[in-house]
Amino acid sequence: MSRKPKQIAIYGKGGIGKSTTTSNISAALAEAGYKVMQFGCDPKADSTNTLRGGEYIPSVLDLLAEKRRVDAREAVFKGFAGIYCVEAGGPAPGVGCAGRGIITAVELLKQQRVFEDLDLDFVIYDVLGDVVCGGFAVPVREGIAEHVFTVSSADFMAIYAANNLFRGIEKFSNSGGALLGGIIANSINTDFQREIIEDFADKTSTPIVQFVPRSLTVTQAELSGKTTIEAAPHSEQADVYRALARHIAGHEISKVPTPLSPAELREWSARWAEHVVQMERTERGERARPRVVA
Amino acid sequence: MAINLRTPQAETRDQRLGTITQWQGSARQLAQDSTFTYACGRDCGPGGRRLCELSSPYSQASMCAEQIAVTNATIIKDTVVIQHSPIGCASSQSFTSRYSRDLAARRGWKPEDPKSICTNLSEQDMVFGGVDRLAQTIREAYARHHPRVIFVATSCATGIIGDDVDGTARQLEEEIGIPVVALHCEGFKSRHWSSGWDVIEHGILRRLVPNRPTEKRGDLINVIHLGGPDVFSPLLNPIGLKVNLVMGGNSLERLADLSTAAATVTMCFVLSYLATGLEQEYGVPEIRAPLPYGLDATDAWLRDIARLTQREHLVEAVIAAERERIAPELKRLRGLLAGKRGFVAAGAAFAHGLIADLRELGITVDDAFSFHHDPTTDSGDAEQDSLGHLVQSTGDVPNFTVSPDQHFQAHAAILRAKPDFVICRHSGSMAILAGRMGIPVLPIFYSNDGLGYEGLITIGRAILRVLPRRRFYAQIAEHSRFPYQDWWLNETDPYALSAEAAE
């Protein structure tokens, strides 16, 4: 009997740096000697690109589109440091049902005991974080991931998505679903951004597990189709990801979050928006530079 | 590969067994292709080739896994089935109610309407999710009927929106204190309704069969059947075995006894998921000998049961006595049936069994219509290759059609066969079709009729009852019209419309 891998789901709004963060966590864990699978749950199927030199891999649902009987192992590819890469995949934009796609793909791997057979230490789900329907909630439901982390910047839209995710987790926590491990605060470079995200974390009783600054190193690594861990192993940024991976590896206890209600969230963001406007005015006033009008 | 009971959803038989629903050719070829594709995988002798499925441009009517799962859950006593679905999915429950009462009458139970509730999902539930309504329905079902177990059957609708049925079931189970068993039977998951058997058997194995390792009983044998009267006890009691008859209407006590038995037999390998699971989880051996249709197969079946339950010293006398008992009547039947041509329409292993019975009675069977085909079984044991066994022991069936109960294809197949009679399951569709074509028909609703030594007599006599009704059926045919154009009315190739082979 193989051991049970630690299963972690990382959610975040599209474009927030979720796949970049997830891939770097996977890479750092693999570098530390763990056996890791990264499972991309986004119809774009690009979660694992930087683990495979920028290459796209055929997804589980690509296989299903070709034939009725699927050997899920055919959708598992080895990437950087032996990381097993899987993409759920999904339909083309505007057709079919991406949520059902995730249900089908996850179920196929579970039924065929792919996780057990590979004798993994970690399965990391990288999930499109708007949680718009039941399918996107599958990784947080009973029997799949135990811990959820959310990648969020100080951008309001990203925080909305995080709060929505918290609502999902709160809902499923009654029926044995995954609990919240914390927020990975991404692209945080100014004190102000830090204040916003800290305030949100405070309001929702959620720990921030790591601050990840925006960095050119990451962009350069991505452009070369690699994670920062692989492309710039000695960089400061790589050490940030390593610290994050260590935190996640050691993380044991997650909690039920206390999301803000839609009204509370509106009020909260309005308050911060006022701050932002205030600050910009002050900034403009200080500089007193005339605008160039074309 | 072993079946996976750790996940709440059963893997479909399309995926596990490579089940197909459309094919035609000779039975020999089908058996060969199945073995080639799923047993040896490479070159396993001359004539080996990959099993390819045909594709038909349309489907007239069929059913889905949900109906099988729901019906067979509903007829388990002291339970309530909740269909978490739009109301249309519940239409088949009128059949279940009739079926349940009929079963009760045949088994000497008090006839009762089975308890079933539908969550009646609407547009609103599709948009906002239906789990709250499900939770409320579970509470209501418990308050109204005080069942000992509640089943929750999913539907296509809830499968697509991803309602968390497992989580809700678990939560309510804690609240009301009885097992709430989720049955994942979305119709779109499998092309064949028989996947519904796997779903209900998966639910039973996971939740309703406690492990009782200290209560093993050497004299108890599980019999998994499709439903109907108990024809097994008369056959097995004489070798000192008590029958635990399950599926097709049973009690929770019988299910709880499953893990204590000395062995399990299935009357049809289509239902063998439960048997394989019992062997895998509780070490209750599954009898894999070919099914007991025809004299030799019944002998071999009884011997295998005796071997596994240490009753070899008793079995030969029973076999000899049974053979002797039926010999005169069998001889009479063979005399009357010799030279008749029969057409068999039934599901997979059961069809193979009926063909063997008819051939034992001296009837010619060159044409058969199977509702699906499983190229292998969950045990993966070649012993359970019922089609291969049929061909080896009784010869080829030259026109073997696999079709999911499609009328237009059955019409062509029957026209090609020109049989003296049709013997079939799915009486609502196949029997009516044959009757309207003017052919005497023997519908078999309860599929235990042809089993064992007595089964030969039962089936033989029943055929003799329908054969003289030619004029009646001719009258029916005269007043029947089919919704086909002339060219199809004369077509004798069920797959004439099939364009290309599909993967």
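None of the values given here were measured: they were computed from a predicted structure.

**Student:** Tell me about the domain arrangement of chain B, residues and numbers included.
**Tutor:** All names here are of chain B. Each assigned domain of chain B is listed here: domain 1 (65–192 + 194–207), domain 2 (213–308) and domain 3 (312–502). Between the C-alpha centres of domain 1 and domain 2 the distance comes to 26 Å. Counting from both sides, the interface comprises 18 residues of domain 1 and, opposite them, 15 residues of domain 2. For the side of domain 1 that touches domain 2, the elements supplying multiple residues, two or more each, are helix 4 (93–107) and helix 9 (195–207). In terms of residues, the side of domain 1 that touches domain 2 owes the most to one element, helix 9, which gives six residues. Of the residues belonging to the side of domain 1 that touches domain 2, the class tally is seven nonpolar, four polar and seven charged.

**Student:** Lay out the interface of chain B and chain A in plain terms, naming residues and giving numbers.
**Tutor:** Contacts between the two partners involve 19 residues from chain B, matched on the other side by 23 residues from chain A. Where the side of chain B that touches chain A is concerned, the elements lending two or more residues are helix 1 (13–17), helix 7 (156–161) and helix 8 (165–176) of chain B. Ranked by residues supplied to the side of chain B that touches chain A, first place goes to helix 8 of chain B with five residues. Grouping the constituent residues of the side of chain B that touches chain A by class yields two nonpolar, 10 polar and seven charged.

**Student:** Lay out the sheet that holds strand 10 (residues 341–346) of chain B in plain terms, naming residues and giving numbers.
**Tutor:** All names here are of chain B. Ordered in space as 1-12-11-10-13-14, the six strands form an open sheet in which the pairing is mixed. Strands at the two margins of the open sheet, each flanked by one partner only, are strand 1 (23–25) and strand 14 (441–443). Recorded for the sheet is a direction-independent mean angle of 15 degrees between the axes of neighbouring strands. Taken together, the four bridges between strand 11 (residues 364–370) and strand 12 (residues 399–402) define a ladder with parallel strand orientation.

**Student:** Outline the sheet that holds strand 7 (residues 220–224) of chain B, listing residues and values.
**Tutor:** Residues and elements named next belong to chain B. The strand order 8-7-9 describes an open sheet built from three strands, whose pairing is parallel. Because the sheet does not close on itself, it has two edges, and the strands there are strand 8 (242–246) and strand 9 (263–266). The average angle at which neighbouring strand axes cross in this sheet is 25 degrees, direction not considered. Across five bridges, strand 7 lies against strand 8 in parallel orientation. For Asn222, the partnering residue across the bridge sits in strand 8 and is Asn244.

Criteria and cut-off values
- Residues numbered from 1 in each chain as written.
- Chains lettered and ligands numbered in written order.
- Predicted model: local features only at pLDDT ≥ 70, side-chain atom pairs only at ≥ 80, totals over all residues.
- Domains from an automatic or database assignment.
- Contact = placed C-beta atoms within 7 Å.
- Helix = DSSP H or I, 4+ residues; strand = E, 2+ residues; numbered from the N terminus.
- Nonpolar A, V, L, I, M, F, W, Y, C, P; charged D, E, K, R; others polar.
- Pairing = 2+ DSSP bridges.
- Axes fitted to C-alpha atoms, helices over the stretch in contact; angles between N-to-C directions.

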